Amino acid sequence: MTDVDELVRRNRSFAADGFRTDLTINPRGHMMVVGCVDPRVDPTSVLGLALGEAAVLRNVGGRITPATLRTMGMLGEVGQARRDGSPAQPWNLVLLHHTDCGMLDLAAFPDLLAEYFEVPVTELEPKAVSDPVRSVQADVGVLLDVLRGSDFFVSGLVYDVATGLVDVAVAPTPVRLR
Ligand SMILES: [Zn+2]
């Protein structure tokens, strides 16, 4: 088991080598990534994100649920409050789903999934919890609908835990033109 002493040791090394004081609360990559909590698929590692480059949200499956949307709304307010006067730029919103996701095991618990997505059990099929390509396509569709009128590009990636490679399932798609 990794213990806290070990984390503190690693932190000392980070503070000595990787720490920067010039970072802002608004990610300099104008990027938000939504990914799964699975420890194998940490977006920071698999997409090579630098500290301060992207906001990263993680939940079970990396799914766009009403709770995810509420969190994104709150982050939008924080971003507005901390605007540093730089000109507004479009945001890249990247969804990262993956193969062998624990969501597959949850397919046997439709009531739990219905609660998670805040939909009736009869409306779970389009959430495609057993297929990462379809699920990321479905969630991109939700975002394109919900964010209509805002300056975002939304894309959907699928990470293969067997190869370490991502595939672009949905290329960056502008929201505001829809
Ligand atoms: Zn997962």
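Here, the structure is the one placed above.
Residues numbered from 1 in each chain as written. Predicted model: local features only at pLDDT ≥ 70, side-chain atom pairs only at ≥ 80, totals over all residues. Heavy atoms only, no water.

### Thoughts on the coordination of the zinc ion
Link 1 in the chain: Around the zinc ion, the protein contributes the donor atoms Cys-36 (SG), His-98 (NE2) and Cys-101 (SG), at 2.0 to 2.2 Å from the metal centre.
Link 2 in the chain: Written as a sequence motif, the donor arrangement for the zinc ion is C-x61-H-x2-C. Of the two residues, Cys-36 is situated in strand E1 (residues 31-36) and Cys-101 in the loop between strand E3 (91-98) and helix H4 (103-106); the sequence distance between them amounts to 65 residues. Taken as a pair, Cys-36 and Cys-101 share a single burial class, namely buried. (Donors = N, O, S within 2.8 Å, 3.2 Å for Na, K, Ca; no water. Helix = DSSP H or I, 4+ residues; strand = E, 2+ residues; numbered from the N terminus. Buried < 20%, exposed > 50% of the residue type's maximum accessible area, 1.4 Å probe, protein only.)

### Focus on the packing of aromatic side chains
Link 1 in the chain: Across all of its chains, the model carries 2 aromatic pairs by this definition.
Link 2 in the chain: Ring centres of Phe-14 and Phe-19 lie 6.3 Å apart, and the angle between their planes is 70 degrees; on these two criteria the pair is classed as edge-to-face.
Link 3 in the chain: Taken together, a centroid distance of 5.4 Å and an interplanar angle of 70 degrees make the contact between Tyr-116 and Phe-117 edge-to-face.
Link 4 in the chain: According to the relative accessible area criterion, Phe-117 is buried, its value standing at 2%. (Phe/Tyr/Trp six-rings, centres within 6.5 Å; stacked < 30°, edge-to-face > 60°.)

### Topic: the sheet that holds strand E2 (residues 54-59)
Link 1 in the chain: With mixed pairing, 5 strands are arranged side by side in an open sheet as E2-E1-E3-E4-E5. On the outer flanks of this sheet lie E2 and strand E5 (166-174), each paired with one strand and no other. Averaged over all adjacent pairs, the angle separating strand axes in this sheet is 15 degrees, with direction ignored. (Pairing = 2+ DSSP bridges. Axes fitted to C-alpha atoms, helices over the stretch in contact; angles between N-to-C directions.)

### Describing the environment of Val-168
Link 1 in the chain: Tracing the backbone shows Val-168 in strand E5.
Link 2 in the chain: According to the relative accessible area criterion, Val-168 is exposed, its value standing at 53%.
Link 3 in the chain: For the pair Val-168 and Val-133, spaced 35 residues apart in the sequence, the C-alpha separation amounts to 9.2 Å.
Link 4 in the chain: If near-sequence neighbours (up to four positions away) are discounted, Val-168 is found in contact with Gly-156 and Leu-157. (Contact = heavy atoms within 4.5 Å.)

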